[in-house]
Amino acid sequence: MDTTLLKQRLKTTILGQAEIQHLPSTESTNDVARKLAQDGAKEGTIVIADSQLSGRGRLGRNWHSPAGSGLYLSAVLRPDLEPDSLCKITLLAGVAAAGAIEDVTSIRAQIKWPNDLLIHGRKTGGILTELHGDAASPTVVLGIGINVNTRIEDFPPDLQLKATSLALAGGKNVARSELIRSVLEQLEYWYLLFKGGEHGPMLQAWRNKCIMIDCRAIIRSGEQVLAGRVLDIDDTGALLLQDETGQVRRILSGEVLKYSQP
Ligand code: BT5
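What counts, and at which threshold
- Residues numbered from 1 in each chain as written.
- Predicted model: local features only at pLDDT ≥ 70, side-chain atom pairs only at ≥ 80, totals over all residues.
- Heavy atoms only, no water.
- Helix = DSSP H or I, 4+ residues; strand = E, 2+ residues; numbered from the N terminus.
- Contact = heavy atoms within 4.5 Å.
- Polar contact = N/O pair within 3.5 Å; in protein donor to acceptor, adjacent residues only side chain to side chain.
- Core = buried A, V, L, I, M, F, W, Y, C linked by side-chain atoms within 4.5 Å.
- Buried < 20%, exposed > 50% of the residue type's maximum accessible area, 1.4 Å probe, protein only.
- Expected span 1.5 Å × (residues − 1).

A. Main features of the environment of serine 25. Along the chain, serine 25 falls in the loop between strand E1 (20-23) and helix H2 (29-38). When the C-alpha atoms of serine 25 and glutamine 52 are compared, they prove to be 5.7 Å apart, with 27 residues separating the residues in sequence. Setting aside residues up to four positions removed in sequence, serine 25 forms contacts with Ser51 and Leu53. A distance of 3.3 Å separates a polar atom in the side chain of serine 25 from a polar atom in the side chain of serine 51.

B. Looking closely at the nonpolar core. Counting 60 residues, the largest nonpolar core has Leu71, Ile101, Trp113, Ile144, Ile146, Leu179 and Trp206 as the members making the most contacts within it. At 10 residues, helix H3 (residues 86-105) tops the list of elements feeding residues into this core. Leu23, Val32, Val47 and Val141 belong to the second-largest nonpolar core, a separate cluster that totals 9 residues.

C. Structural view of helix H6 (residues 176-195). When the terminal C-alpha atoms of H6 are compared, their 28 Å separation across 20 residues agrees well with the 28 Å that a helix rising 1.5 Å per residue should span. Of all the 20 residues making up H6, 14 are buried; the element is thus mostly covered by neighbouring parts of the structure.

Okay, structure coming up:
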């Protein structure tokens, strides 16, 4: 991948303008980005790898990152964060990544709360948002993984049944550099709105891409397991789940154990 060419083509003012670090292989791009941020890297610094040896998901899970076939990218962001608004960065990254997939491949990607990108119900990508630093000057390391040209045999057996890639879904290979360009441009568009305090359009775009609205779902949040119907997300980005008693629960973080169409 030619990062000089990528930089020349990139229509952004922040993302990718300071530094794009391209590594053939690393443990996790989020770890590299965190170290760069600790050493004072500018907002918008990007780390891209061709493969990850210990790609991470949430809660200590693994992100399978075979060589040369996926997009593994992390961005250093330094937003003014109100308490509870970290979840909105995950939502905006989902909207940006789904938008970039659609822009480059014309394939419609959907979002499963809070951080999964799905095509035809199979997982194609994920977002990992990590907060570092103190409350006065927080740093967010935003990680995005997308299966781009991954073949079915590149996935381990358990993922072969539930994962897909853009090439598998669309029947042809996709240029990773084009996808990276579009991800960065889309990310910047939504991030600038976020910084300007304009969250409404992003939340609406997220709702339009969300596969779970109106679905019945079982969700684990901390120690609690909640069941009910997904109503919406609210203005803070929390998921609204109506339980059997009619009570509406606000869920800021968690994971979907099961969901089904109404
Ligand atoms: C995620 O976690 O989906 C977040 C993935 C973020 C990956 C990026 S790559 C760049 C940056 N650097 C990193 O180290 N990470 C980020 P989670 O919701 O916890 O989902 C993890 C689960 O997804 C695993 O337990 C598997 O079931 C499944 N999975 C793992 N690898 C996959 C893949 N390549 N495609 C589809 N599903 C996968």
